[in-house]
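Fold and contact review
The chain contents come next:
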Amino acid sequence: MENVKSCLSSWRHVFKLDPDRELNDEMLDAICMSGSDAILVGGSSGVTYENTVDLLSRIRRYEIPCALEVSDLEAVVPGFDLYLIPMVLNTNDTRWLVGQHQQAIEQYGFMIPWDMLAAEGYIILNGESTAARVTGAEAGLNSREAAAYAQIADKLMRLPIIYVEYSGTFGDMELVQSIYRTVSQSQVFYGGGIDDVSKARQAARVSHTVVVGNVVYDNWAAALETVQAVKETPLS
Ligand SMILES: CC(C)=CCC/C(C)=C/CC/C(C)=C/CC/C(C)=C/CC/C(C)=C/CC/C(C)=C/CC/C(C)=C/COP(=O)(O)OP(=O)(O)O
Ligand SMILES: O=P(O)(O)OC[C@@H](O)CO
Ligand SMILES: [Mg+2]
């Protein structure tokens, strides 16, 4: 785990690529050569073994580190540098906290390379997102409520990552900051709605790692600009 943590700690900017969405070679080349710290492969629907293998093999032409965010057991593909395992904190449906995980461990057993896995304590805050709907997340949290979940992850569960997830919409940066200020050992990932330099900078001030997803597919020139914006912004 120490190796995983030290690898993650150098990630300031990450692109999240969805195996279920199309990306031509020119775009993938630009993303992989952009200076971003890592590629995270994942999505909340339509992720299959085949489309994940296909995307991994294309990314492997480049040197950039590449992690799989596991959201479906059928799509666990060997050959990634790391495996990030989401655990949704703000749901009452325990399948998404530990249930799917228990089944996965039963199924994979001794094949699991534990030193390549890192748990992500997800706090899902966009109630309209697929992830919120699928997991029944209670997304309407205020800053105090969200920071309390973050403390569970940081201080009780000692998770390596807290993922503040606004997938599809830009979040409340004051709330994100209240999470960032409360943690002492977890690495705070922020993702959601970053589609320009200004939003990238705002998120970079209040999170250790900024994840950029959908804009890659909607406006890849804007996506590329977020790399430098994040890297030149100091943490608050
Ligand atoms: C040999 C070898 C490599 C073995 C691998 C070992 C391994 C990795 C074993 C599995 C271990 C394990 C414990 C796995 C857990 C399995 C599992 C299915 C857990 C549940 C994960 C979960 C909570 C999913 C719910 C949805 C969620 C939070 C997904 C995270 C990703 C996400 C939010 C993506 C955003 O999706 P997107 O499509 O971009 O959304 P928009 O439509 O809003 O854009
Ligand atoms: O796609 P966007 O809205 O950029 O969000 C990134 C990531 O947090 C999604 O899991
Ligand atoms: Mg997406």
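As recorded in an unreviewed UniProt entry, the chain goes by the name Heptaprenylglyceryl phosphate synthase, listed as coming from Paenibacillus lacisoli. Under Catalytic activity (unreviewed entry), UniProt gives the following word-for-word description of the chain: "sn-glycerol 1-phosphate + all-trans-heptaprenyl diphosphate = 3-heptaprenyl-sn-glycero-1-phosphate + diphosphate". Regarding the chain, the UniProt comment filed under Sequence similarities (unreviewed entry) reads as follows: "Belongs to the GGGP/HepGP synthase family. Group I subfamily."

**What about the overall build of the chain?**
Helix and strand counts for the chain come out as 10 helices and 8 strands. Whereas a compact globule of 236 residues would reach a radius of gyration of roughly 18 Å, the chain reaches 16 Å, a difference of no more than 12%. Taking the principal axes of the C-alpha coordinates as reference, the chain spans close to 45 × 45 × 35 Å. When each of the 236 residues of the chain is scored for burial, the buried share is 53%.

**Considering the confidence of the model for the chain**
Confidence in the prediction of the chain, expressed as mean pLDDT, is 97, and 99% of residues score 70 or more. Scored by ipTM, the complex comes to 0.96, with pTM at 0.97.

**Concerning the site of ligand 2**
Taken together, Lys-16, Tyr-163, Glu-165, Ser-167, Gly-168, Gly-191, Gly-192, Gly-193, Val-211, Gly-213 and Asn-214 are the residues near ligand 2. Contact between ligand 2 and Lys-16: an oxygen atom at 2.6 Å from a side-chain N or O atom of the residue. Within the backbone of Gly-192, one N or O atom sits 3.3 Å away from an oxygen atom of ligand 2. Coverage of ligand 2 by the protein amounts to 93% of the 300 Å² it exposes when considered alone.

What counts as what
- Residues numbered from 1 in each chain as written.
- Chains lettered and ligands numbered in written order.
- Predicted model: local features only at pLDDT ≥ 70, side-chain atom pairs only at ≥ 80, totals over all residues.
- Heavy atoms only, no water.
- UniProt positions renumbered as here; feature names shortened; annotations may be inferred.
- Helix = DSSP H or I, 4+ residues; strand = E, 2+ residues; numbered from the N terminus.
- Rg over C-alpha atoms; globule rule 2.2 N^0.38 Å.
- Buried < 20%, exposed > 50% of the residue type's maximum accessible area, 1.4 Å probe, protein only.
- pLDDT = per-residue confidence, 0-100.
- Near = heavy atom within 4 Å.
- Polar contact = N/O pair within 3.5 Å; in protein donor to acceptor, adjacent residues only side chain to side chain.
- Areas by Shrake-Rupley, 256 points an atom, 1.4 Å probe, with all protein chains shown as cover.

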